[in-house]
Number of protein chains: 4
Amino acid sequence: MLPGKPKFRRRKEARPAEIVQAAMEVFAEKGFAAAKLEEIAARAGVSKGAVYLYFETKDDIFRAVVDTAIAPNLQVIRSMAAAHPGPFADLVRGIFGHMGGVLETTRVGGVAKMVIAEARNFPELARIWHDQLVAHALGAVTDAIANAQARGEVREGDPRLFAIELISPLLLSVLWRETFVPIGAPSFDIRQLAHQHAETMLRGMAKEAA
Amino acid sequence: MLPGKPKFRRRKEARPAEIVQAAMEVFAEKGFAAAKLEEIAARAGVSKGAVYLYFETKDDIFRAVVDTAIAPNLQVIRSMAAAHPGPFADLVRGIFGHMGGVLETTRVGGVAKMVIAEARNFPELARIWHDQLVAHALGAVTDAIANAQARGEVREGDPRLFAIELISPLLLSVLWRETFVPIGAPSFDIRQLAHQHAETMLRGMAKEAA
Amino acid sequence: MLPGKPKFRRRKEARPAEIVQAAMEVFAEKGFAAAKLEEIAARAGVSKGAVYLYFETKDDIFRAVVDTAIAPNLQVIRSMAAAHPGPFADLVRGIFGHMGGVLETTRVGGVAKMVIAEARNFPELARIWHDQLVAHALGAVTDAIANAQARGEVREGDPRLFAIELISPLLLSVLWRETFVPIGAPSFDIRQLAHQHAETMLRGMAKEAA
Amino acid sequence: MLPGKPKFRRRKEARPAEIVQAAMEVFAEKGFAAAKLEEIAARAGVSKGAVYLYFETKDDIFRAVVDTAIAPNLQVIRSMAAAHPGPFADLVRGIFGHMGGVLETTRVGGVAKMVIAEARNFPELARIWHDQLVAHALGAVTDAIANAQARGEVREGDPRLFAIELISPLLLSVLWRETFVPIGAPSFDIRQLAHQHAETMLRGMAKEAA
DNA sequence: AATGAATGAGAGTTCATTCAT
DNA sequence: GATGAATGAACTCTCATTCAT
């Protein structure tokens, strides 16, 4: 039969992931409402109709994007939780060393931006992000701090607030990259920030020398 | 025949501000694209058509909202810039005391969220926010830190990164309030966070005792 | 009472005519639908609301404009009808001499354009123009031709078609001026055309020399 | 379950022409502004949205309509230009014989009306009509007349004005049909007019017998 | 009488979703 | 399964008309 069909066609099981990947890019660039299905389909290399073979609605795709972005970050959290025992300074330096790399190489920034922007329109997603990711991470860090306080390594103070103080520059970094770098504002070195902040916080939280 | 209630009232001077106010709420709740003109008009207590007496397009309203939110914050920046001379600790404690109040009482959070979400679709607005607000604030704090370093009050380290470390929990607070509080996540006391963070940073940045 | 009211205010009886005049210009320029009431009011030197003191609707203004344009042209027709008796050549030369001037100095062109364009949307107006103006004029000329034929001055042929042949370059002239002159197309001298056409038609309609 | 009638049918290639055809009718009837997209779509047998698969804006459709109406008439002009050589009388009789038929069977009248009505709002279209159609036709006829004058077949006189005298009853015919026939005014036979006018003009332009 | 701010029906346009092919 | 032409609900924006002043 003449040329015949191509021997290798893309595995159909790969499609949903490709669509989610494409959607993540478009949503991160344009926001949920301004993202057009046609563009998502085009970037995924499929037709508009094909998207509907794998997802019911545009909302669904959005949910899948946001859900998908959780998994890789769960790892980070687990490593945090696992690190409890050692001395507090090691934990902090370890986490910041690790996180700096993760934030620079993944697209968490874009997804975080979307979650923040659409939290009111997709409250389930905000809840999922909070419950599965943010609360866990914050909780793990808070616990570690509380433990360190109990061990006398960290001065008194609300451990949850300490945790927020610790984490917030990382959030600011990724949002900055999404918001101001595209318009030509100066970027800054996330790893260096992570390093410097770890030192600052360790000193700032340290039990004052008698 | 009693007068009855008039179908409408002429309020030419007050309208634009009322519309901007209403728009700020709706945009903050729904995001730019999902905000419907009809709802903005309704919340402002006018008809759809009346909005177009004062603004050319929906984009225009958005711009006005974002612009409007800058003014009240400029004050804060000026107070930062003015505060240079005194000892560094006083400056930091003063700023955080002030900012905690501003963030709790104004709607900066909602506008910041919008700027982050729509930066790619409205780059001029991101630029205005960066140039008029963020860069100024960051610059003022950076300068103060550099001065303090020169005076030997603050340890070595990149002063711009120190500035980011200082400011970031405040950003996280307002975004948290916009994102996770509406879904029932626990809030936290911004003033208390500001207070604790001021102490942490002062210790963390202090010149180490020889 | 301080400055007092101006001593001379425009007579209110003059208003409707001023509005009609302004409307004629705007309608001729933009067409009925694209003409904005605000512009008509502005050109008439009154407020939008004032227009509604004299006219019920935009349609009404249009009707008034088209009606108004009939009167001055009725004169022409009467002069045609009155001229019956004399020799046919005198009649034709007289009419064309007169018409050339009228067409160059009045705005019939603009109104004719409007009647043509809006005949389907305002059939009463088309009917009024037809019955009061066009049919009269055509009838008068047709009669004069029929008479001339009866007197042996004009060759055989449908007198109504002869009338159309006579009149049509005048219509073309005014429409040309409205349509193609504004875009920079070359104009042409209507008086000269009228003169030349009168001669051509007199020769062309003449009883052939035996 | 019998197949039932499909909700829609795919007719990608045929659509644009069908839409232009439908639009021509609606525009000719209502004028540009009063023509509603919904009606154009309905007459073309498609939904409102489908129109936008083929045309960007309503203006675009209008342009396509006016452009489309040029092609069939170009033929006429070419035949005019080609006919130069023979005796002038043959040329004129030939053209009028041909034109009478074209005008009666095509919708040029409606389009001409639209061009006249919207010339100020769509000057490009007026220019296209002038340059591609009107100026060509007028030029061809003017040349033929000038040649005939050179050959001594036609009396002295401005050849361009002669051309206008020749053509104008045809314009009047089509506009009459668009304007006054719909309101019940008597029509007239375009072919007969063309025939009679050809004879009148030939006599009227003839070199007077010495 | 006169103004022009305010109204709201209605039009053009977009785009998620469907379905004939 | 895959496509993309076709749909139609929904949204922004316009402007003739109204009415408090």
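Per chain, residues are indexed from 1 in the order of the written sequence. To read the labels, note that chains go from A and ligands from 1, taken in the order they are written. Per-residue local features are limited, in this predicted model, to residues with pLDDT of at least 70; the limit for side-chain atom pairs, both in listing and counting, is 80 or more; totals at the level of whole chains, interfaces and linings are taken over all residues. Side-chain calculation: all heavy atoms of the structure are included, whereas hydrogens and water are not.

Further remarks concern the interface of chain B and chain A. What makes two residues a contact is simply this: any of their non-hydrogen atoms within 4.5 Å. Each side of the interface is counted separately: chain B has 51 residues, and chain A has 51 residues. With both sides pooled, the region where chain B packs onto chain A buries about 4800 Å², and carbon together with sulfur makes up 65% of that total. The largest per-residue losses of area from chain B upon contact with chain A belong to B:R120, B:I183 and B:R203, which jointly make up 14% of the total buried on that side. Any Lys or Arg side-chain nitrogen found within 4 Å of a carboxyl oxygen on Asp or Glu counts as a salt bridge. Our count for the contact surface shared by chain B and chain A stands at 2 salt bridges. As a salt-bridge pair, A:R120 and B:E178 come within 4.0 Å of each other at their nearest N and O atoms. Pairing of N or O atoms within 3.5 Å defines a polar contact, subject to two protein rules: one partner must be a possible hydrogen donor and the other a possible acceptor, and residues neighboring in sequence count only if both atoms are side-chain atoms. Counting across the chain B and chain A interface gives 15 residue pairs in polar contact (both at pLDDT 80 or more). Secondary structure follows DSSP: runs of H or I at least 4 residues long count as helices, runs of E at least 2 residues long count as strands, and numbering of each begins at the N terminus. Of all the secondary structure elements, the ones that give two or more residues to the side of chain B that touches chain A are α1 (15-30), α7 (108-118), α8 (123-150), α9 (159-179) and α10 (190-205) of chain B. Classification convention: Asp, Glu, Lys, Arg as charged; Ala, Val, Leu, Ile, Met, Phe, Trp, Tyr, Cys, Pro as nonpolar; all other residues, Gly among them, as polar. Of the residues contributing to the side of chain B that touches chain A, the split by class is 27 nonpolar, 11 polar and 13 charged. Two parts placed together each lose some accessible area; with a 1.4 Å probe, that loss summed over both constitutes the buried area.

To continue, consider the nonpolar core. In this structure, C:F27 and D:F27 are the most contacted members of the largest nonpolar core, which totals 149 residues. Non-local contacts of C:F27, meaning those with residues more than four positions away in its chain, are made with C:F32, C:A35, C:I40, C:K58, C:I61, C:F62, C:V65 and C:M114. In plain words, nonpolar cores are sets of buried Ala, Val, Leu, Ile, Met, Phe, Trp, Tyr and Cys residues tied together by side-chain atoms within 4.5 Å. Only protein chains enter the accessibility calculation, which uses a 1.4 Å probe; a residue whose area is less than 20% of its type maximum is buried, one above 50% is exposed, and one in between is partly exposed. Membership of the second largest hydrophobic core comes to 147 residues, among which are B:I77, B:V102, B:L175 and B:W176.

This next bit is on the relation of the copies chain D and chain C. Note on the identical chains: chain D maps onto chain C by a rotation of 179 degrees and an axial translation of 0.0 Å, with an RMSD of 0.2 Å. Here the transformation between the copies is reduced to the relation of a two-fold axis. The rotation axis passes nearest to the C-alpha of D:G204 in chain D, at a distance of 1.8 Å. Mapped onto chain C, 100% of the interface residues of chain D are again interface residues, and the two copies thus contact each other with one and the same surface. Our superposition of the copies is a least-squares fit, built on the C-alpha atoms of residues whose pLDDT is at least 70 in both.

This part covers the protein's contact with DNA strand F. A single heavy atom is enough: if one lies within 4 Å of a molecule or strand, its residue is considered near that molecule or strand. Taken together, 38 residues lie around DNA strand F, and B:Y52, C:Y52, D:R10, D:S47 and D:Y54 are the ones closest in. Atoms of DNA strand F within 4 Å of the protein: sugar and phosphate make up 67%, bases the balance. Contact between DNA strand F and B:L37: a phosphate oxygen at 3.3 Å from a main-chain N or O atom of the residue. C:A35 places a polar main-chain atom, nitrogen or oxygen, 3.4 Å from a phosphate oxygen of DNA strand F. In terms of residue class, the surface near DNA strand F is made up of 16 nonpolar, 6 polar and 16 charged.

Below, the discussion takes up the packing of aromatic side chains. All names here are of chain A. Between the rings of Phe, Tyr and Trp (Trp by its six-membered ring), a pair exists once the centres lie within 6.5 Å; its type follows the angle of the planes, with under 30 degrees stacked, over 60 edge-to-face, and the other angles tilted. Under the defined criterion, the tally for this structure stands at 28 aromatic pairs over all chains. With centroids separated by 5.2 Å and ring planes inclined at 90 degrees, the aromatic side chains of F27 and F62 adopt a geometry described as edge-to-face. Within this pair, whereas F27 is found in helix α1 (residues 15-30), its partner F62 is found in helix α4 (residues 58-68), the two being separated by 35 residues in sequence. Exposure class is identical for F27 and F62. Each is buried. Linked through ring pairs, F27, F32, F62 and F122 together constitute an aromatic cluster.

At the interface, 51 residues of chain D touch 51 residues of chain C. When chain D packs against chain C, close to 4800 Å² is buried across both sides, 65% of that on carbon and sulfur atoms. Linking chain D with chain C are 2 salt bridges. Counting the contacts that link chain D with chain C gives 16 residue pairs in polar contact (both at pLDDT 80 or more). Listing elements by their share of the side of chain D that touches chain C, those giving two or more residues are α1 (15-30), α7 (108-118), α8 (123-150), α9 (159-179) and α10 (190-205) of chain D. With 13 residues, α9(D) is the largest single contributor of residues to the side of chain D that touches chain C.

Taken together, the neighbourhood of DNA strand E is formed by 38 residues, with A:Y52, B:R10, B:S47, B:Y54 and D:Y52 sitting nearest. When the atoms of DNA strand E within 4 Å of the protein are sorted by group, sugar and phosphate make up 67%. Separating a phosphate oxygen of DNA strand E from a backbone N or O atom of A:A35 is a distance of 3.4 Å. A distance of 2.2 Å separates a phosphate oxygen of DNA strand E from a polar side-chain atom of D:Y52. Looking at the surface near DNA strand E, the elements with two or more residues in it are α3 (48-54) of chain A, α3 (48-54) of chain B, α3 (48-54) of chain C together with α3 (48-54) of chain D. When its residues are assigned to classes, the surface near DNA strand E shows 16 nonpolar, 6 polar and 16 charged.

A few words now on the relation of the copies chain B and chain A. Here chain B sits on chain A after a turn of 179 degrees about the axis and a move of 0.0 Å along it, with an RMSD of 0.2 Å. By residue overlap, the copies meet face to face through one surface: 100% of the interface positions of chain B are interface positions in chain A.

Let's shift gears to the environment of C:K48. Residue and element names in this part refer to chain C. Checked against the element boundaries, K48 lands in helix α3. Classification of K48 by relative accessible area gives partly exposed; the value is 43%. Sequence separation between K48 and D158 is 110 residues, and the spatial gap between their C-alpha atoms is 51 Å. For K48, the contacting residues outside a window of four places in its chain are L37, E38 and A41.

Residue and element names in this part refer to chain A. Summed over the entire model, instances satisfying the criterion amount to 51 salt bridges over all chains. The salt bridge partner of E29 is R43, with a shortest N-O separation of 3.1 Å. On the criterion of sequence distance, the pair formed by E29 in helix α1 and R43 in helix α2 (residues 37-44) is long-range, its members being 14 residues apart. E29 sits in the partly exposed class, given a relative accessible area of 26%.

Values of bend correspond, residue by residue, to the angle between axes fitted over the seven residues ending at that residue and the seven starting there. For α8(D), the principal kink sits at D:H130 and spans about 40 degrees. D:G152 occupies a position one or two residues after α8(D) and carries a positive phi of about 85 degrees.

What follows covers the side chain of A:Q196. The residue A:Q196 is located in helix α10 (residues 190-205) in this model. A residue is classified by how much of its surface remains accessible, and A:Q196, at 8% relative accessible area, is buried. Setting aside residues no more than four positions away along its own chain, A:Q196 makes contact with B:R155, B:G157, B:D158, B:L161, B:F162 and B:E165.

As a note on interpretation, predicted positions should not be read in detail where pLDDT is low. Chain-level pLDDT for chain A is 88 on average; 90% of the residues reach the 70-or-more range. Low confidence marks residues 1-9 of chain A, where pLDDT is under 50. Its contacts with residues over four positions away, or in another chain, come to 0 contacts. pLDDT expresses, on a scale from 0 to 100, how confident the predictor is about each individual residue.

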